[in-house]
Amino acid sequence: MEWQTDWGLRGRMALTMFLLFALYIVFLGALTLYFSNLALIVVVMGLFLGAQFFFSDKLALYSMGARTVEPEEYPELHRTVDRLAQQADLPKPKVAVADSRVPNAFATGRSKSSSAVCVTTGIMNTLDQDELEGVIAHELAHIKNRDVMVMTIASFLSTIAFLIVRWGWLFSGGRERGGQQVPVIVAILISLVVWVVSFLLIRTLSRYREYAADRGGAMITGKPAALANALMKIDGRMDKVPKEDMRDQAEMNAFFIIPIDVGWIGRLASTHPSTEKRIDRLQDLERELESR
Amino acid sequence: MGLLDGLKSVLGVKAEADATRDADPDDLFGMSTAYITMEADLGYESTGEAALCFADVDSTDFQDAVDEVESILDAGMVETGTRATFETDDHGYQWVVLHDNDFEDLLTSIHFAADTLVERRYGSRLLAALFAFEHTRDDQTVYWVYSFRRGAYYPFAPDPHNSHERNTSAEFKLDSNLSDEITVEGDKEYWYPLWPDRPGYHPWE
């Protein structure tokens, strides 16, 4: 089955990544002007993020109160994941279930072989078989697209910028020369700008990847309508892996006087596109299926 | 993972690209000599059944394509004596099951059905082709599963007595003895089970 390629989505995603990358290059360049021990900061942060990345699958499952389940416990769920992973040409991920009434599902794992798909008991009760397949296929598309890795790397320097904004004044401590104080304040200001801009770019990227996973998921199942139904049922409450340090979000909320989840700022900062927009795009795919 | 695959991942289109990749049913023909080895060296005889499993698509055009497969196979029955039945399993996947004691005819009909779907541009929906064999002495049934996504075969031997248990030693034996004749999937993570609903039955039953 041949689907039209969404070049617009690909182009916007590439542009967002390019802007983010360019921003980081400029940021690193600016930092070297002010911090002589920049290499050390990057290495320490790299190790920290590496560890987070390495344990991300376990962390995500743990934070959701989820546990991996064996085929004997959830035979139907396992068989669904089996077939969809086979269809998606993906090694079977671990299957996890979280005991929660909130309908939710997410995928985690840094690589194809360490990945896991987690669903809550709530989503299994809410959705019928076709809809659940749609949701699981969406999560498999995230794994296939390596979204955890892409988003971790994309957020790497953003986290450094945040830490400099927060703790940058420490770098000036211990130095006797008074002239050092001014450049550190400039560096903190630069970091603040980098952090705000990268935050918005990362959120934009995250939203594009949701669209991409919706497309991928619909193509795995061949049923865009089922995924759209599932989205309507759970109405945007579906979340996936916490991709970044939680502090980012909390700090950002404190930074703006208006809470960020309202108004245009909220839309810019949201990690997921609105359910209506996602459903609109799935309807386009559905029309494409029928009109050939 | 190649550079292009990496780029597709980064751009978030890997899932989309792989889910829409077409199958090449010509790879299926490896089985045309392998079944002789199965019988002569390993004591497995064809049960006279082979099946094609494909994922449903929610569209009228797809249903037309399936109807076309059905009418072609029905027309061919007069010539080859291959009987075709259509099943839908509990997961909503569709099966074309072919019955014929002549293995070559089974293989030709499976190829024909797969090819028709590819020509109707539904090649990406093809999941697997299964060839069923049973051991001449014990009641072990084994399958050679051809994965259209991977372009390779893998053995699947469900334990006839225990639900959802695989007879790994039988699978190992099949893998070792036939890997010269057919392309066997090297990565066992892709050896997907296709469990029958009841032990001792075929996956499509």
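All figures in this text were calculated on a predicted structure; none of them were measured in a lab. (Residues numbered from 1 in each chain as written. Chains lettered and ligands numbered in written order. Predicted model: local features only at pLDDT ≥ 70, side-chain atom pairs only at ≥ 80, totals over all residues. Heavy atoms only, no water.)

Caption draft 1: Quick look at the overall build of chain B. Along the backbone of chain B there are 6 helices and 6 strands. The order of α-helices and β-strands along chain B, N terminus first, is α-α-α-β-α-β-β-α-β-β-β-α. Since a compact globule built from 205 residues should have a radius of gyration of about 17 Å, the 17 Å found for chain B is in line with a globular shape. Projected onto its principal axes, the C-alpha positions of chain B cover 50 × 40 × 30 Å. Residues classed as buried in chain B amount to 53% of the 205 residues present. (Helix = DSSP H or I, 4+ residues; strand = E, 2+ residues; numbered from the N terminus. Rg over C-alpha atoms; globule rule 2.2 N^0.38 Å. Buried < 20%, exposed > 50% of the residue type's maximum accessible area, 1.4 Å probe, protein only.)

Caption draft 2: Unusual backbone geometry, seen in detail. Residue Arg146(A) is not a glycine yet carries a positive backbone phi of 55°. Counting through the fold element by element, Arg146(A) comes out in the loop between α6 (129-144) and α7 (147-167). Residues other than glycine seldom take positive phi values, yet Arg121(B) does so here, at roughly 65°.

Caption draft 3: Just the UniProt feature "active site" (unreviewed entry) in chain A, in detail. The sites that carry the UniProt feature "active site" (unreviewed entry) are, in the present numbering, Glu139(A). Within the structure, Glu139(A) has its side chain in polar contact with the backbone nitrogen of Ala107(A) (distance 3.1 Å). (UniProt positions renumbered as here; feature names shortened; annotations may be inferred. Polar contact = N/O pair within 3.5 Å; in protein donor to acceptor, adjacent residues only side chain to side chain.)

Caption draft 4: The sheet that holds strand β1 (residues 66-68) of chain A, seen in detail. Residue and element names in this part refer to chain A. The sheet built from 4 strands is open, its strands ordered β1-β2-β4-β3 with mixed pairing. Each end of this open sheet is capped by a strand with a single partner; those strands are β1 and β3 (105-108). On average, adjacent strands in this sheet sit at an angle of 25° to one another, irrespective of strand direction. Where β3 and strand β4 (residues 116-120) come together, 4 bridges link them in antiparallel fashion. Residue pairing in the sheet places Phe-106 in a bridge with Cys-118 of β4. (Pairing = 2+ DSSP bridges. Axes fitted to C-alpha atoms, helices over the stretch in contact; angles between N-to-C directions.)

Caption draft 5: Examining the side chain of Thr120(A) more closely. Locating Thr120(A) in the fold gives a position in strand β4. There is a polar contact of 2.7 Å between the side chain of Thr120(A) and the backbone oxygen of Val102(A).

Caption draft 6: Expanded view of the pattern of salt bridges. Evaluation of the coordinates by the stated rule reveals 19 salt bridges over all chains. For the salt bridge of Asp61(B) with Arg120(B), the shortest nitrogen-to-oxygen distance reads 3.3 Å. Of this pair, Asp61(B) sits in helix α4 (residues 60-80) while Arg120(B) sits in the loop between α5 (103-119) and β4 (126-135), and the two are 59 residues apart along the sequence. One salt-bridge network, in which partners are shared between bridges, spans Arg10(A), Arg215(A) and Glu16(B). (Salt bridge = Lys/Arg side-chain N within 4 Å of Asp/Glu carboxyl O.)

Caption draft 7: Region of interest: the environment of Ala34(B). Residues and elements named next belong to chain B. For Ala-34, the location among the structural elements is in helix α3 (residues 31-40). A C-alpha to C-alpha distance of 9.1 Å links Ala-34 and Asp-180, two positions 146 residues apart in sequence. Filtering out sequence-adjacent residues up to four positions away, Ala-34 remains in contact with Leu-178, Glu-181 and Ile-182. (Contact = heavy atoms within 4.5 Å.)

Caption draft 8: Spatial organisation of the packing of α6(A) against helix α10 (residues 224-234) of chain A. Residue and element names in this part refer to chain A. Remark: α6 packs on α10, axes separated minimally by 8 Å, with the N-to-C direction vectors making an angle of 95°. Here α6 lies roughly perpendicular to α10, going by the angle between them. Packed against α6, whose contacting residues are Asp-130, Glu-131, Gly-134, Val-135 and His-138, the element α10 presents Ala-226, Leu-227, Asn-229, Ala-230 and Lys-233 at the interface. Per-class residue counts for the contact of α6 with α10 are 4 nonpolar, 3 polar and 3 charged. (Parallel < 35°, antiparallel > 145°, perpendicular 65-115°, else oblique. Nonpolar A, V, L, I, M, F, W, Y, C, P; charged D, E, K, R; others polar.)

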